[in-house]
Amino acid sequence: MGEAWVTGVGLVTALGTDRETTWRRLVAGESGIGPLSLFDTRAYRTSIAAEVDAASLPLPPLPPHLRRMSRASRFAVAATTEALSDAGLLGSEVVAGAALVLSGGAAGLFEAEGYARRRLLHGRRVRGLREFIEVPQDAPTDRVAEVFWVRGPRLTVTTACSSSTIAVGLAAEMVRDGEVAVALAGGSDALCRLTFAGFNSLRATDPEPCKPFDRRRHGLNIGEGAGVLVIEDSQHAAARHARPYAVIRGLGMTNDAFHMTQPEPSGAAWERTLRSALADAGVAVEAIDYINAHGTATEQNDAAECAAYQRVFGERLAAIPVSSVKGALGHCLCGAGGIEAALTVLAVARQVVPPTVGFAEADPACPIDAVPGVGRQVTVRHALSCSFAFGGNSAAIVIGAVP
């Protein structure tokens, strides 16, 4: 059994519907947050979000019954197409036996909401009931399996905003344990009225583009998109001369059950998550050179997260770049961890860490190097990609450079 190499990366975000456009614009310090066009936002605290240009998705040819997939499923299929193509496995028989581990989020809820609204306005003769087929949270996973004929182990993880971080970690474990030679892992989520209204009701949203770790932060912006990785046994990958980006070395998962929506403020709960990931990876604290933070830009989350980093890294934290991509991509909910894992993989492979878009004024409660402005060239041996979710569902993965 070998290591869990990442040999393919696929991304769909508000900055671009492919990997390289997203990366180029993110490193340049651009933001994909802007006016939301999917539904009327006049009743809400904010009218902005990180919306994907779904009309430009690079989708493969689809059979007629799949041409009306939900946005979330289309994001997942597009990201998987790019990841498989990047790995040189698109159309390969190897994919049939691969594991498929994705997150479960809003799935087809946006489309179902549209049908329900039309039904209320126009009565029971309105067509579109088929849109409810995509409401279950495992729908994007099932559509990916159907499009690419994936017949290996299939799992949908639903632990709020840590879902797709856990999905990546679990898929890597399956590869390291020899259960499969190849796994597809990550997550997808889409904007809908329910989640948008929910975060507005919590007063957790910022009417302006969010500012993670900044003294002036007032909340998050909702986003959408997908991130999918091809994770492959290193011996299998080497035998076909595949190019590895990075290696997934370990996963940490904890649940503190502190509160449904509020983080445990001391950082002790998330410290356990981080130490669990480092222990699973067999990586020392001193070997971490970059942290891709959860960084939602809410007052409580950012402070608690920085407290956890201080507890783990101590004085060394000042020398570790800690950035949040949510200032550029919004909070993509159950898809966030997959997107952020993909970007962390690229950071390790390219030795460039992305910036915290929106950050300008340091907060004493967040004493970190938040990488303001644009991306920064850094020697990264190992990185952490972190997700700290509602209900205390927390996860972190350790991603290392390939020797």
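Residues numbered from 1 in each chain as written. Predicted model: local features only at pLDDT ≥ 70, side-chain atom pairs only at ≥ 80, totals over all residues. Heavy atoms only, no water.

**Examining the overall build of the protein chain**
Point 1. Looking only at helices and strands, the protein chain has 11 helices and 14 strands in total.
Point 2. Here the C-alpha atoms of the protein chain give a radius of gyration of 20 Å, agreeing with the 22 Å that 2.2 N^0.38 yields for 403 residues.
Point 3. In terms of overall dimensions, the protein chain has C-alpha extents of about 65 × 50 × 40 Å along its principal axes.
Point 4. Out of the 403 residues belonging to the protein chain, those deemed buried represent 62%. (Helix = DSSP H or I, 4+ residues; strand = E, 2+ residues; numbered from the N terminus. Rg over C-alpha atoms; globule rule 2.2 N^0.38 Å. Buried < 20%, exposed > 50% of the residue type's maximum accessible area, 1.4 Å probe, protein only.)

**Focus on the nonpolar core**
Point 1. Grouped together as the largest cluster of nonpolar side chains are 51 residues, with contacts concentrated most on V9, V168, L229, I231, I248, L343 and V345.
Point 2. At 9 residues, the largest contribution of residues to this core is made by helix α11 (residues 336-350).
Point 3. Setting aside anything within four residues of it in sequence, one finds L229 in contact with V6, G8, V9, V168, A183, L184, A185, A341, A342 and V345. (Core = buried A, V, L, I, M, F, W, Y, C linked by side-chain atoms within 4.5 Å. Contact = heavy atoms within 4.5 Å.)

**Things to note about the environment of R74**
Point 1. Relative to the elements of secondary structure, R74 occurs in helix α2 (residues 71-87).
Point 2. On the basis of relative accessible area, R74 is assigned to the partly exposed category, the value being 23%.
Point 3. For the pair R74 and T296, spaced 222 residues apart in sequence, the C-alpha separation works out to 25 Å.

**Concerning the pattern of salt bridges**
Point 1. A full pass over the atoms with the stated rule returns 28 salt bridges.
Point 2. Between R143 and E146 there is a salt bridge, with the nearest N and O atoms lying 3.4 Å from each other. Taken together, the residues span about one helical turn, with R143 and E146 both in helix α4 (residues 139-148) at a distance of 3 residues.
Point 3. Residue R143 is classed as buried on the basis of its relative accessible area of 14%.
Point 4. Of the charged contacts in the structure, one is a salt bridge between E232 and R240, with a shortest N-O distance of 2.7 Å. (Salt bridge = Lys/Arg side-chain N within 4 Å of Asp/Glu carboxyl O.)

**Digging into the sheet that holds strand β7 (residues 225-233)**
Point 1. Spatially, the 10 strands line up as an open sheet ordered β5-β4-β6-β7-β1-β8-β14-β13-β9-β10, and their pairing is mixed. Taken across any chain shown, the strands that pair with only one partner, and hence form the sheet edges, are β5 (154-157) and β10 (322-323). (Pairing = 2+ DSSP bridges.)

**Here we look at helix α3 (residues 109-122)**
Residues spaced three or four apart along an α-helix point in a common direction, a consequence of the helix completing one turn every 3.6 residues.
Point 1. Taking 1.5 Å as the rise per residue, α3 with 14 residues should run 20 Å; its terminal C-alpha atoms sit 20 Å apart, in good agreement.
Point 2. Those residues of α3 that fall on the buried side of the exposure criterion are F110, E111, A112, E113, G114 and Y115.
Point 3. Summarising the contacts, the buried residues of α3 are in contact with α2 and α6 (193-201).
Point 4. Note on α3: the residue one or two positions beyond its end, G123, has a positive phi of about 90 degrees. (Expected span 1.5 Å × (residues − 1).)

**Describing the state of the cysteines**
Point 1. Enumeration according to the criterion identifies 0 disulfides in this entry.
Point 2. The closest cysteine sulfur to the non-disulfide-bonded C192 is located on C334, 10 Å from its own sulfur.
Point 3. Among the cysteines around C386, which has no disulfide bond, C306 carries the closest sulfur, lying 11 Å off. (Disulfide = S-S within 2.5 Å.)

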